[in-house]
Amino acid sequence: MIQLIEAGKRYPGGHEALRAISLEIAPGEFVAVTGQTGAGKSTLLKLVAGLERATSGNVLVNGQNLGSLGAAGLAVLRRSLGIVFQDHKLLYDRTVFDNVMLPLEIADFPIKEAQRRARAALDKVGLLQRERANPVSLSGGEQQRLCIARAIVSRPAILIADEPTGNLDAEYAASIMALFRSFNQVGVTVLLSTHDLPALAAVPVRRVEIRQGQVMTAAQSA
Amino acid sequence: MNVFLTAHRNALRRGLMQLRSQPVGTLLSLTVLGCALAIPLALHNVMTSLEAATFRIGTDAEVNVFMDPKASLDDAKVLESALTKLPGVVAARIFTKDAALGELRKRPQLADLVASLEGNPLPHAVILKPAGSDPATLEQIRQQAARLPGVDRISADFEWVRKLRKIVRLGEAAILAAALLAAIAVMLVIGNTIRLEVLTRRDEIAVSKLIGASSRFVRRPFLYFGFIAGGLSALLGCLVAMVGIAWANTHIASLAAEYSLQFNIAQPTWVQASTYIFIVSLLSLTGAAWSASSLARDP
């Protein structure tokens, strides 16, 4: 369960990215946060992922109030989430395989088990054949898939993706959405942000529209 | 327990990978450190050997009381008796002029000179064994012996031993200074190596923290890196010191033989070497911890 209770975020300098947002996401839900660039979508996701702290209100993930967690507690929380970053945040001096291994190393998985899981995750996103490649040699869509593989490799209960279809053509965007749909179908809570509304057409998601830092509407698509 | 061991095994593996990631740079740093670390170790062994030698000499310190060349053996016996009674003298024995000449004949380089002598120009001597080697006692013996009849000259061989001991003390201070400098060098070089490594891996560290790495997880490989690098450089230092001592001993042996002495510098023992490696590893770990402390900060 993800809960935002009157959660707000004001950055140093005065810019108010989110204004007293209240939102509940049940386990196993597929929620897409939509809105224009600068609406506050990414900020909302960062608050849920514990990458930013709310300056007002509360953010709760699985009953834990993130505002009360210290740095170590937030690190533990982030290990339990799968996060797909807007700018991928891949390591370009490591192979595709090593990038996917990173969360498992962080979670101190035994090496054999970690390797098995990493290959399974790469297989899931269709990149197993490219495991020895450097991420630089991958296309934009493949890099996005690699980022998803890294996010799902530790089998998180919650998957958070910031603009996962940004800069992808329609066909590739649809395949990425299908991937998220497949994770959601096995019980993973998916929370993503996008301004690519056509990409959402084919998947049953709850849409939450944000405008100027406030929730405007919530609607079910497909 | 398994999670703990797995975490440390993984951190060790990553630490070793960091060491291997820049083999030339790492090897150069370790070599520089190894050479620097060899100096205090070798100096320590030089001084320990010198100290042992001076102690040996000190134990056998003697005061030679030379008589007037015209003095007879009876005069020598009287003097021996008088010297035995002096405070601070443990024993006294006569070393006759014939025995002295016999000693000279044994030395091949002096054989021609001795053969050319018409008589025996050497005096009788009485060799004193002092109770201790402290300067005050020895000076007192010297002054009292000098007042006795028939005494021509007193040779106190302990003087140079005393000077040598002072040199040894100075050497010990030099070792301490060298050891302190080496310790600082280890911490600075390893600390700086890790600082550069942190800079090289800043993207990896940032991404790791974003996806849930704790500061401890990020720091741990660097600590292993420091510990291993310190151990390897100390091992290298031991090897350099051993080779240096072996080389020096070949020259020292021939020099000592010229003075009919037996002296060589002791090689580091296994216990000494392993203690040294462990201490340097800990110092290096301290440098690494200090340098990696910046990683405790959140992204």
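Residues numbered from 1 in each chain as written. Chains lettered and ligands numbered in written order. Predicted model: local features only at pLDDT ≥ 70, side-chain atom pairs only at ≥ 80, totals over all residues.

1. Considerations on the interface of chain B and chain A
Across the contact, 15 residues belong to chain B and 15 residues belong to chain A. Put simply, the parts of the chain that give the side of chain B that touches chain A at least two residues each are α1 (2–21) and α8 (202–210) of chain B. At five residues, α8(B) tops the list of elements feeding residues into the side of chain B that touches chain A. The class makeup of the residues in the side of chain B that touches chain A is seven nonpolar, five polar and three charged. (Contact = placed C-beta atoms within 7 Å. Helix = DSSP H or I, 4+ residues; strand = E, 2+ residues; numbered from the N terminus. Nonpolar A, V, L, I, M, F, W, Y, C, P; charged D, E, K, R; others polar.)

2. Details of the pairing of strand β8 (residues 189–194) of chain A
Residue and element names in this part refer to chain A. For β8, the tally of buried residues reaches six of six residues, placing the bulk of the element in the interior. What you see with β8 is no split at all: T189, L191 and S193 on one side and V190, L192 and T194 on the other are buried throughout. In this structure, strand β3 (residues 30–34) lies alongside β8, joined through five bridges in parallel fashion. Residue T34 lies in a different strand from β8, and its bridge partner there is T194. Direction of pairing for strand β7 (residues 158–162) relative to β8: parallel, over a ladder of five bridges. Bridge pairing links I160 to L191 in β8. This β-α-β element, β7 to helix α6 (residues 170–185) to β8, shows right-handed connectivity. (Buried ≥ 20, exposed ≤ 12 C-beta atoms within 10 Å, placed from the backbone. Pairing = 2+ DSSP bridges. Right-handed = clockwise from strand over helix to strand, strands pointing away.)

3. A closer look at the environment of L282(B)
Summarising the element assignment, L282(B) is placed in helix α10 (residues 270–292). When the C-alpha atoms of L282(B) and F227(B) are compared, they prove to be 6.5 Å apart, with 55 residues separating the residues in sequence.

4. Description of the sheet that holds strand β1 (residues 2–10) of chain A
All names here are of chain A. A sheet is described by the order of its strands in space; here four strands give the open sequence β2-β1-β4-β5, paired in antiparallel fashion. In the strand order of this sheet, the two ends are held by β2 (16–25) and β5 (64–65), each with one partner. Both strand β4 (residues 56–61) and β5 contribute to a ladder of two bridges, which runs antiparallel. Looking at the pairing, L60 lines up with N65 of β5.

5. Considerations on the sheet that holds strand β3 (residues 125–130) of chain B
Residue and element names in this part refer to chain B. Taken in spatial order, the four strands make up an open sheet running β2-β3-β1-β4, and their pairing is antiparallel. A single partner strand is all that each edge strand has here, and the edge strands are β2 (89–95) and β4 (151–156). Each neighbouring strand pair of the sheet contributes to a mean axis angle of 20°, computed without reference to strand direction. By the bridge criterion, four bridges tie strand β1 (residues 63–67) to β3 in an arrangement that is antiparallel. (Axes fitted to C-alpha atoms, helices over the stretch in contact; angles between N-to-C directions.)

6. Things to note about the nonpolar core
V48(A), A149(A), I160(A) and L191(A) are the most contacted members of the largest nonpolar core, which has 78 residues in total. Here this core takes seven residues from helix α3 (residues 96–106) of chain A, the largest share from any one element. Dropping the residues within four chain positions of it, A149(A) is found in contact with V100(A), A121(A), L122(A), K124(A), V125(A) and L127(A). Core analysis: the next-biggest nonpolar cluster, separate from the first, contains 35 residues, L37(B), V189(B), I190(B) and A292(B) among them. (Core = buried A, V, L, I, M, F, W, Y, C linked by C-beta atoms within 7 Å.)

7. A few points about the environment of S274(B)
Topologically, S274(B) is positioned in helix α10. Expressed as a C-alpha distance, the spacing of S274(B) and V63(B), which sit 211 residues apart in the sequence, is 43 Å.

8. As for unusual backbone geometry
Residues and elements named next belong to chain A. You will see that E6, though not glycine, has its phi angle at about 50°, which is positive. By the secondary structure assignment, E6 is in strand β1. The backbone of K89 sits at a positive phi, close to 50°, despite the residue not being glycine. You can call K89 partly exposed: it has 16 C-beta atoms within 10 Å.

9. Some remarks on the packing of α3(A) against helix α4 (residues 111–124) of chain A
Residue and element names in this part refer to chain A. The geometry of α3 relative to α4 is characterised by a closest axis approach of 9 Å and an angle of 125° between their N-to-C directions. Taken together, the axes of α3 and α4 lie oblique to each other. The two elements α3 and α4 cross, and the hand of that crossing is right-handed. Across the interface between the two elements, V96, F97, V100, M101, L104 and E105 of α3 pack against A114, R117, A118, A121 and L122 of α4. Class assignment of the residues belonging to the contact of α3 with α4 gives a composition of nine nonpolar, no polar and two charged. (Parallel < 35°, antiparallel > 145°, perpendicular 65-115°, else oblique. Left-handed = near helix turned anticlockwise from the far one by under 90°.)

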